[in-house]
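Descriptive structure summary
Okay, here's what each chain looks like letter by letter:
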Amino acid sequence: MQIEFSQREIEFWRVSKRFQLQEGRTLREFVPALFRGQGWAEPFYALRDVTFFMDRGETIGIIGRNGSGKSTVLKLIAGVMAPSEGEVRVAGRVSPLIELGAGFHPDLTGRENVYLNGSILGMPSREIREQFDDIVDFAELREFIDTPVKRYSSGMYARLGFAVSVHSNLEVLLVDEALSVGDAFFEEKCLEKMHEFQQKGTTIVLVSHSLELISNFCERAIWLEHGSVKANGRASDVVRQYTETVPHGVELVV
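Below, the structure is looked at part by part.

Parameters and conventions
Residues numbered from 1 in each chain as written. Predicted model: local features only at pLDDT ≥ 70, side-chain atom pairs only at ≥ 80, totals over all residues. Heavy atoms only, no water. Axes fitted to C-alpha atoms, helices over the stretch in contact; angles between N-to-C directions. Helix = DSSP H or I, 4+ residues; strand = E, 2+ residues; numbered from the N terminus. Parallel < 35°, antiparallel > 145°, perpendicular 65-115°, else oblique. Left-handed = near helix turned anticlockwise from the far one by under 90°. Contact = heavy atoms within 4.5 Å. Nonpolar A, V, L, I, M, F, W, Y, C, P; charged D, E, K, R; others polar. Pairing = 2+ DSSP bridges.

Attention now moves to the packing of helix 3 (residues 110-120) against helix 5 (residues 154-166). It is the contact of helix 3 with helix 5, at a shortest axis distance of 10 Å, that shows an interaxial angle of 45°. Classified by the interaxial angle, the pair formed by helix 3 and helix 5 is oblique. Viewed along their axes, helix 3 and helix 5 form a crossing whose handedness is right-handed. Only Leu160, Gly161 and Val164 of helix 5 make contact with helix 3, whose side of the interface consists of Gly110, Val114, Asn117 and Gly118. Its residues assigned to classes, the contact of helix 3 with helix 5 shows 3 nonpolar, 4 polar and no charged.

A few words now on the sheet that holds strand 5 (residues 94-97). Read across the open sheet, the 6 strands follow the order 5-6-7-3-8-9; overall the sheet is mixed. Here the strands that pair on one side only, and so sit at the sheet edges, are strand 5 and strand 9 (228-234). Across the sheet, the axes of successive neighbouring strands diverge by a mean angle of 15°, strand direction being ignored. The pairing of strand 5 with strand 6 (residues 172-176) spans 4 bridges and is classified as parallel. Across the sheet, the residue bridging to Ser95 is Leu173, located in strand 6. With respect to the sheet, helix 8 (residues 235-245) is in contact with strand 3 (59-63), strand 8 (220-225) and strand 9, its orientation differing from that of strand 9 by roughly 135°.

Have a look at this one:
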């Protein structure tokens, strides 16, 4: 059945994402199981029947324990995977800060990788040339820009990836722990950049370990539990529900 979507920026409609988990059977165990129709793997649902909507220019945080499906939501929005069931609609140009520098080639220099990663993000060559100095200065890597990135530290690598992503002409920004890519000064600079995007009306989806950041930066939050939506509402209210529900002594991992 074709689902009619409204004019929102992001829409999830009864979305489920299923993976096949290997059971670790030996060949001797696998053959009898195959004849019983059990096969080699069991299905695992990272998301199950998830529905939510985002208006253009809204900032939303996604919280929940490890394995609750947060990163899966971002990857579905980014289009790097497809839902097993339901439909996902994204109206704008997406810049995913999920795996920073994922498109970098280790043998290429920082300069060459700026053009490579920018192209992957859909930036025309002219736009990359115009933004190049701003990208390098934002990443604080002017001295190393002609060095192969395989010689970069993990922080330098991630900073360059962040800088390229936030200088693309994006409409939807996806952030998955991307703010922990440098020292406190650089993190503050990243937050200022994200505030600029908010002022411009960019739609932002944020996953962070910091519940304080979710409360202060996001207008709304979604709490995922075992791949399903546990709560969806004003960020401060959802964070409070989450902290009150997590058992005493359990680390608040978001």
